[in-house]
There are 4 protein chains.
Amino acid sequence: VPERLDLNADIGEGFGIWQLGDDSALLEVVTSANVACGFHAGDPAIMRRVCAQAVSRNVVIGAQVGYRDLAGFGRRAIEVPSAALRADVVYQIGALDAFARLAGDRVRYVKPHGALYNTAMVDERQAEAVAAAVAEYRGELALLGQPDSALASAAATLSIRYVVEAFADRGYDRSGRLVARTEPGAVITDSAAVVAQALAVVGGSVVALDGSVVPIHAESLCLHGDTPAAAEHARAVRAALTAAGTDLRPFA
Amino acid sequence: VPERLDLNADIGEGFGIWQLGDDSALLEVVTSANVACGFHAGDPAIMRRVCAQAVSRNVVIGAQVGYRDLAGFGRRAIEVPSAALRADVVYQIGALDAFARLAGDRVRYVKPHGALYNTAMVDERQAEAVAAAVAEYRGELALLGQPDSALASAAATLSIRYVVEAFADRGYDRSGRLVARTEPGAVITDSAAVVAQALAVVGGSVVALDGSVVPIHAESLCLHGDTPAAAEHARAVRAALTAAGTDLRPFA
Amino acid sequence: VPERLDLNADIGEGFGIWQLGDDSALLEVVTSANVACGFHAGDPAIMRRVCAQAVSRNVVIGAQVGYRDLAGFGRRAIEVPSAALRADVVYQIGALDAFARLAGDRVRYVKPHGALYNTAMVDERQAEAVAAAVAEYRGELALLGQPDSALASAAATLSIRYVVEAFADRGYDRSGRLVARTEPGAVITDSAAVVAQALAVVGGSVVALDGSVVPIHAESLCLHGDTPAAAEHARAVRAALTAAGTDLRPFA
Amino acid sequence: VPERLDLNADIGEGFGIWQLGDDSALLEVVTSANVACGFHAGDPAIMRRVCAQAVSRNVVIGAQVGYRDLAGFGRRAIEVPSAALRADVVYQIGALDAFARLAGDRVRYVKPHGALYNTAMVDERQAEAVAAAVAEYRGELALLGQPDSALASAAATLSIRYVVEAFADRGYDRSGRLVARTEPGAVITDSAAVVAQALAVVGGSVVALDGSVVPIHAESLCLHGDTPAAAEHARAVRAALTAAGTDLRPFA
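This structure is a prediction, so every number in the text was calculated from the model and none was measured.

K.L.:
Please explain the overall build of chain A as it appears in this structure.
P.N.:
Of regular secondary structure, chain A possesses 8 helices and 10 strands. Against the 2.2 N^0.38 benchmark of 18 Å for 252 residues, chain A shows a C-alpha radius of gyration of 17 Å, consistent with a compact globule. Considered along the principal axes of its C-alpha atoms, chain A spans approximately 45 × 35 × 35 Å. Within chain A, buried positions represent 60% of all 252 residues. A separation threshold of at least 6 residues defines the contact pool for chain A, and within that pool the share at least 24 residues apart is 72%. Of the roughly 9,400 Å² of accessible surface on chain A, 51% is carried by carbon and sulfur atoms. Chain A carries 22 positive and 29 negative side-chain charges, and their two centres are separated by 5 Å.

Laid out in structure tokens, this is it:
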């Protein structure tokens, strides 16, 4: 039984006057913060604030890089040419790293956001562009994502540490893949079921929608906080994991 | 008589498909490149390319920070609150520094662009925000601007090295200030006159529009390259300074 | 005693995934909707939705035009050249008018937003640019703003109908001007006081902060809805005015 | 033999300080102007200027609508949801129509730009969104594009007039499709060959790359002007067509 687990969540996804989620509440729950870098969400003032908050709570800072798409919140797949995507990722990491350093730490990992996350799991070209940016920015950076993915392969090729994450509030199929959001059972809304799946992940497996037990080896658990229910789930998961004796600490 | 001088110019001011000026030609002339950082011009792919070109030509990289204003090319004064402006400047320096490091160097100075340059020379609040961002980003960074300005004062307060620049193609008044662009004589278009003023700057003075000789102590000369005539002036200035034995080298 | 009054509020000020205020609730209260047009807030999908909602509730549609400044929510004064500002205003009205027509109505008035509102009240150049855009777009459009202002003068010169608005939740000085937000008493937070001032406006006067009674002749009352308290005030004001027999109807 | 033909070209594709192509020169050649609307290129001041120039030269105005993607010049395919895409297209047409009306005319047709053009030719969902926006904006609007395409079908379903265009400087395959830009022969660079293909289009056929003669029935010929060579070709084509007695006039 694994004794330690990282908890990650998206942080700093407002823009200007607009807010999204409760960053302060989530930063009390997680051990790693995926901080938006201004392309799909986030702005410099927000980045500065959440980096300072993260460091003061011993939360590790990661760069949540996305497509340049404020209007679509980075949720629209975009066919960005490789060289442009790679430069966009470097730019975002560099900008966030400035604020991480001002807060007394560094950016320690990268997690793609939204459509870039989904595309980087299956599209070799975009996966390689993201991984190349991470590798050239700083060799110690880790990449966070799904197992057995194009991004995992690209990371391996470039000797980037690849950290697998699991979800407590998403349904899995028998092959260990997330059920698409358009399918029934994709999102788990019952609080007890979310907590149960979190505990199962620590134990090294999840129960798929068809009842089969699927092994899963995740170093990090992704929590959501953009709705009141999601934030409550996040707190419940942390409480249950703590009660179970799991050592909650950053993977980085 | 000063024996050395830095030559600086704005570089990387295209955006996406759009180009502006001839970066490659200017990088053959200058010793310091004010590289646009994506807020008023420039994009990550351009920043990567011009940083690599600059380093390969031994040209020092500076961050040409601007207002977030692509539509106005950063030429419109904007009343950005201090905290937002400071964060915007840190963000831009950090993003550019990523590409400077990839090219094998670092950002070594900061020069505000356009309306931010003009405002930072006279407005204490914005000058302090820019200077505070520079100081907190990295203590070794220099600031480039006009003498006897709000920005110079803010830099002094924060112990930032402040480098004074002069212009070969702009008219001065008897108090050593640039003549406003709306006034006659503001821009010098005759090539011989541009060269003459460049040589005068090395000698420690310029001839003002009213004929008086004004002392000027500049470590850097700003060259323009966004028009064919300006690029030609830049080359003529470099040739004349070299012929006169001036040691052209970066101030940083 | 005036027997009729218009109630206006800012509507559609979200962007993409981000929301601001409760448009549906406010559209039950007001008679005129100042709809954001995409430059400081608002996007095409939001514009379509709120135009449809407005028309279904017999709420008149106005164009809430702003500076091109999503990052600052249009609250930063920008020195936009006259020709550019005029074209920006035409563009925004035209875009909104498309959705107003799809909903079965037209844009019937224009109200500048945020820093453009404040600047257009005192700066002749920007006031004239806004008024010129309104006049050339369609002669029947009205302009909404403060009395005795640069915008009022520019509207008069161009024979644009100018509609004066008052505020129920802002303090006035003895000359009938709004107290600056940085001053004590600028914002009225007590619900009873807000309702009292709304009733006073219908009666043709307000009590200034120093206790003096100032005549005010407003055809429209501006309500805020971007906080829960503000939305509650808006509902209370409407209830009180209705109970007092005021005929609440659009000015347009 | 068809006796009349429309000549269309992309116009107004600068942004702020940045220019692209020679609008004035092209407006002397074409009969229809595809004017960029601010999403992939173009800004309000440019739109005003080119609309005025077009009307003064009796050139018909069309809305060149694109993805919201200044950084990629609209050349990156984006999976925009249908409702958002439809609203984006309405917004762009409405904004341009304002300037067309100020110039004394109206927007008379719509042509998607770049990646939206390519996607709308093969993707039913995006084609339907574009066509629905055109139909609801104004029934008299035409759509310009490739024959036998998803967009042509969507236009037919909504009873929108669909105008087929051909290219003088692009190679065709034996099925009458454009050869992909990545293939040899995709772009015709020889001036005489460009003129020959233009004359062939008037005659109702083109010679495919494999030498076969392919019937083609186009009401409009698309000309490019973004390079000096392209602009020269455009002028040569117009001269040759005029000399051949073709009646060059807008399709709208």
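K.L.:
How do you make sense of the interface of chain C and chain D when you look at a structure like this?
P.N.:
Accessible area lost on assembly of the parts is the figure often given for the size of an interface. The interface is formed by 23 residues belonging to chain C together with 23 residues belonging to chain D. Summing the contributions of chain C and of chain D, the shared interface buries around 1,900 Å²; its carbon and sulfur component is 63%. In terms of surface lost to chain D, no three residues of chain C exceed Pro44, Arg48 and Tyr91 of chain C, which account for 31% of the buried area on that side. Connecting chain C to chain D are 2 salt bridges.

K.L.:
Can you walk me through the relation of the copies chain B and chain A in this structure?
P.N.:
The relation between the two copies of this chain is a rotation about an axis and a shift parallel to it. Here chain B sits on chain A after a turn of 180° about the axis and a move of 0.0 Å along it, with an RMSD of 0.0 Å. The operation mapping one copy onto its partner corresponds to a two-fold rotation axis. Within chain B, the C-alpha atom positioned nearest to the axis of rotation is that of Ala95 of chain B, 2.2 Å from it. The share of interface residues of chain B whose copies in chain A are also at the interface is 100%, consistent with both copies meeting through the same surface.

K.L.:
Explanation requested: the interface of chain B and chain A in the structure shown.
P.N.:
Taken together, the contacts link 23 residues of chain B with 23 residues of chain A. Taking both sides of the interface into account, the surface hidden between chain B and chain A amounts to around 1,900 Å²; carbon and sulfur atoms contribute 63%. Among the residues chain B hides against chain A, the three largest losses belong to Pro44, Arg48 and Tyr91 of chain B. Together they make up 31% of the total. Linking chain B with chain A are 2 salt bridges. Note that Arg48 of chain B and Glu136 of chain A form a salt bridge whose closest N and O atoms lie 2.4 Å from each other. Inspection of the region where chain B meets chain A yields 6 residue pairs in polar contact (both at pLDDT 80 or more).

K.L.:
Can you help me understand the nonpolar core in this one?
P.N.:
A general feature of soluble globular proteins is that nonpolar side chains tend to end up buried together. Core analysis: the largest hydrophobic core is formed by 336 residues, its most contacted members being Leu221 of chain A, Leu221 of chain B, Leu221 of chain C together with Leu221 of chain D. With near-sequence residues (within four places) excluded, Leu221 of chain C lies in contact with Leu5, Asp6, Leu7, Asn8, Ala166, Phe167, Ala168, Ala198, Val201, Val237 and Leu241 of chain C. With 16 residues, the next largest nonpolar core counts Ala36 of chain A together with Trp18, Leu20 and Ala41 of chain C among its residues.

K.L.:
Can you walk me through helix H2 (residues 44–56) of chain B in this structure?
P.N.:
Because each turn of an α-helix spans 3.6 residues, side chains separated by three or four positions end up pointing in the same direction. Given a rise of 1.5 Å per residue, 13 residues ought to cover 18 Å, and the 18 Å separating the end C-alpha atoms of H2 of chain B matches this to within 8%. Summarising the contacts, the buried residues of H2 of chain B are in contact with helix H3 (82–102) of chain A together with strand E1 (4–11), helix H1 (23–27), strand E2 (32–36), strand E3 (60–64) and helix H3 (82–102) of chain B. With a side-chain oxygen lying 3.1 Å from the backbone nitrogen of Ala45 of chain B, the N-terminal cap of H2 of chain B falls on Asp43 of chain B. In the segment just after H2 of chain B, Asn58 of chain B is the residue with positive phi, at about 60°.

K.L.:
Which parts of the structure should I look at to understand helix H7 (residues 191–203) of chain A?
P.N.:
Residue and element names in this part refer to chain A. An ideal rise of 1.5 Å per residue puts 18 Å on 13 residues; H7 measures up with 19 Å between its terminal C-alpha atoms. Considered for burial, the residues of H7 that qualify are Val194, Val195, Gln197, Ala198, Val201 and Val202. Buried residues of H7, viewed axially, fall in a sector of 160°; they line one side. Note on H7: the residue one or two positions beyond its end, Gly204, has a positive phi of about 100°.

K.L.:
Sorry, what's going on with the pattern of salt bridges here?
P.N.:
If charged atoms from side chains of opposite charge come close, those side chains can pair. Summed over the entire model, instances satisfying the criterion amount to 40 salt bridges over all chains. Arg106 of chain D is the partner of Asp97 of chain D in a salt bridge, and the nearest nitrogen-oxygen pair spans 2.6 Å. Relative accessible area serves as the criterion here: at 24%, Arg106 of chain D is assigned to the partly exposed category. Look at the salt bridges and you will find they share partners, linking Arg48 of chain A together with Arg86 and Glu136 of chain B into a network.

K.L.:
Would you explain the state of the cysteines in this entry?
P.N.:
One way to say it: the disulfide is the covalent bond shared by the sulfur atoms of two cysteines. Scanning the model with the defined rule gives 0 disulfides over all chains in all. Between Cys51 of chain B, a free cysteine, and Cys37 of chain B, which holds the nearest cysteine sulfur, the sulfur-to-sulfur gap is 8.4 Å.

K.L.:
Which parts of the structure should I look at to understand the environment of Leu141 of chain D?
P.N.:
Within the secondary structure, Leu141 of chain D is located in the loop between helix H5 (124–137) and strand E5 (142–145). Excluding its chain neighbours within four sequence positions, the residues that come into contact with Leu141 of chain D are Ile93, Val107, Arg108, Tyr109, Val110, Val134, Ile160 and Arg161 of chain D.

K.L.:
Explanation requested: the pairing of strand E1 (residues 4–11) of chain D in the structure shown.
P.N.:
Every regular strand shows the same layout, with side chains that alternate between the two sheet faces. Residues and elements named next belong to chain D. Burial within E1 is extensive, with 6 of its 8 residues counted as buried. Pairing of E1 with strand E9 (residues 220–223), which is carried by 4 bridges, proceeds in the parallel orientation. Paired with Leu7 across the strands is Leu221, a residue of E9. Pairing analysis gives 4 bridges linking E1 to strand E2 (residues 32–36), with the strands arranged parallel. Its bridge partner lying in E2, Ala9 is registered against Ala33.

K.L.:
Explain the confidence of the model for chain A here, please?
P.N.:
Interpretation of this model should avoid reading the predicted coordinates in detail wherever pLDDT is low. When pLDDT is averaged along chain A, the result is 95, and 99% of the positions lie at 70 or above. Interface predicted TM-score (ipTM) for the complex: 0.96; the corresponding pTM is 0.97.

K.L.:
Explain the relation of the copies chain C and chain D to me, please; I cannot follow it from the model alone.
P.N.:
Of the transformation superimposing chain C on chain D, the axial component is 0.0 Å and the angular component is 180°, with the fit at an RMSD of 0.0 Å. The overlap is high: 100% of the interface residues of chain C also sit at the interface in chain D, so the same surface is used on both sides.

K.L.:
Looking at this structure, how should I read the packing of aromatic side chains?
P.N.:
Each aromatic ring pair is summarised here by two numbers: the centre-to-centre distance and the angle between the ring planes. Throughout the structure, instances matching the rule amount to 20 aromatic pairs over all chains. Ring geometry for Tyr109 of chain A against Phe251 of chain A: centres 5.0 Å apart, planes inclined by 65°, an arrangement best described as edge-to-face. Residue Tyr109 of chain A is found in strand E4 (residues 107–112), and its partner Phe251 of chain A is found in the segment after strand E10 (247–248); the two are separated by 142 residues along the sequence. Each of the two residues, Tyr109 of chain A as well as Phe251 of chain A, counts as buried. With a centroid separation of 6.0 Å and an interplanar angle of 65°, the aromatic rings of Tyr91 of chain C and Tyr91 of chain D are classed as edge-to-face.

K.L.:
Is there a simple way to explain the pairing of strand E5 (residues 142–145) of chain A in this structure?
P.N.:
Residue and element names in this part refer to chain A. Residues Ala142 and Leu144 line one face of E5 and the alternating positions Leu143 and Gly145 line the opposite face, and both faces are buried. Examined bridge by bridge, E4 and E5 share 2 bridges and lie parallel to one another. When the sheet's bridge partners are listed, Val110 is paired in E5 with Leu143. Since E5 and strand E6 (residues 161–167) lie parallel, the crossover through helix H6 (residues 150–157) that links them has a hand, and here it is right-handed.

K.L.:
Hey, could you run me through the packing of H5 of chain D against helix H6 (residues 150–157) of chain D in this one?
P.N.:
A pair of packed helices is characterised by two quantities: the angle between their axes and the separation of those axes. Residue and element names in this part refer to chain D. For the pair H5 and H6, interaxial distance at closest approach is 8 Å and the crossing angle is 45°. In terms of axis orientation, H5 runs oblique to H6. Considering only the axes of H5 and H6, their crossing is right-handed. Taking contact as the criterion, the partners of Glu124, Ala127, Glu128, Val130 and Ala131 in H5 are, on H6, Ala150, Leu151, Ala154 and Ala155. Partitioned by chemical class, the residues of the contact of H5 with H6 number 7 nonpolar, no polar and 2 charged.

K.L.:
I'm lost on empty space enclosed by the protein in this one. Help?
P.N.:
A water-sized probe rolled over the atoms picks out the places where empty space is left. Considering all chains together, one arrives at 8 cavities of 30 Å³ or more under this definition. Reported here for the largest cavity is a volume of approximately 1,100 Å³. Looking at the largest cavity, it is lined by 38 residues, and the ones nearest its centre are Leu70 of chain A, Arg68 and Leu70 of chain B, Leu70 of chain C together with Leu70 of chain D. Its residues assigned to classes, the lining of the largest cavity comprises 22 nonpolar, 6 polar and 10 charged. Approximately 100 Å³ is the volume attributed to the second largest cavity.

K.L.:
Would you mind showing me how to read the packing of helix H4 (residues 114–122) of chain B against helix H5 (residues 124–137) of chain B here?
P.N.:
Residues and elements named next belong to chain B. Here H4 crosses H5 at 110°, and the two axes come no closer than 6 Å. It follows that H4 is roughly perpendicular to H5 by the angle criterion. In the packing of H4 onto H5, the handedness of the crossing is left-handed. Of H5, the residues touching H4 (which contributes Leu116, Thr119, Ala120 and Val122) are Glu124, Gln126, Ala127 and Val130. Residues belonging to the contact of H4 with H5 are distributed by class as follows: 5 nonpolar, 2 polar and 1 charged.

K.L.:
Whenever I open this one, the side chain of Thr31 of chain D confuses me. Can you help?
P.N.:
Residues and elements named next belong to chain D. One can find Thr31 in the loop between helix H1 (23–27) and E2. On the basis of relative accessibility, which here comes to 7%, the residue Thr31 falls in the buried class. There is a polar contact of 2.7 Å between the side chain of Thr31 and the side chain of Asp6. Ignoring any residue separated from it by four or fewer positions in sequence, one finds Thr31 in contact with Asp6, Leu7, Asn58, Val59, Val60, Arg238, Leu248, Arg249 and Pro250.

How each quantity is defined
Residues numbered from 1 in each chain as written. Chains lettered and ligands numbered in written order. Predicted model: local features only at pLDDT ≥ 70, side-chain atom pairs only at ≥ 80, totals over all residues. Heavy atoms only, no water. Helix = DSSP H or I, 4+ residues; strand = E, 2+ residues; numbered from the N terminus. Rg over C-alpha atoms; globule rule 2.2 N^0.38 Å. Buried < 20%, exposed > 50% of the residue type's maximum accessible area, 1.4 Å probe, protein only. Contact = heavy atoms within 4.5 Å. Areas by Shrake-Rupley, 256 points an atom, 1.4 Å probe, with all protein chains shown as cover. Lys, Arg positive; Asp, Glu negative; His and termini not counted. Charge placed at Lys NZ, Arg CZ, Asp CG, Glu CD. Buried area = accessible area lost by both parts, 1.4 Å probe. Salt bridge = Lys/Arg side-chain N within 4 Å of Asp/Glu carboxyl O. Least-squares fit on C-alpha atoms with pLDDT ≥ 70 in both. Polar contact = N/O pair within 3.5 Å; in protein donor to acceptor, adjacent residues only side chain to side chain. Core = buried A, V, L, I, M, F, W, Y, C linked by side-chain atoms within 4.5 Å. Expected span 1.5 Å × (residues − 1). Arc of directions from axis to C-beta. Disulfide = S-S within 2.5 Å. Pairing = 2+ DSSP bridges. pLDDT = per-residue confidence, 0-100. Phe/Tyr/Trp six-rings, centres within 6.5 Å; stacked < 30°, edge-to-face > 60°. Right-handed = clockwise from strand over helix to strand, strands pointing away. Axes fitted to C-alpha atoms, helices over the stretch in contact; angles between N-to-C directions. Parallel < 35°, antiparallel > 145°, perpendicular 65-115°, else oblique. Left-handed = near helix turned anticlockwise from the far one by under 90°. Nonpolar A, V, L, I, M, F, W, Y, C, P; charged D, E, K, R; others polar. 1 Å grid on protein atoms, 1.4 Å probe; cavity = no way out; pocket = protein on both sides within 12 Å on 5 of 7 lines; lining within 4 Å. Points joined across faces, edges and corners; volume = space filled by probe spheres on them.

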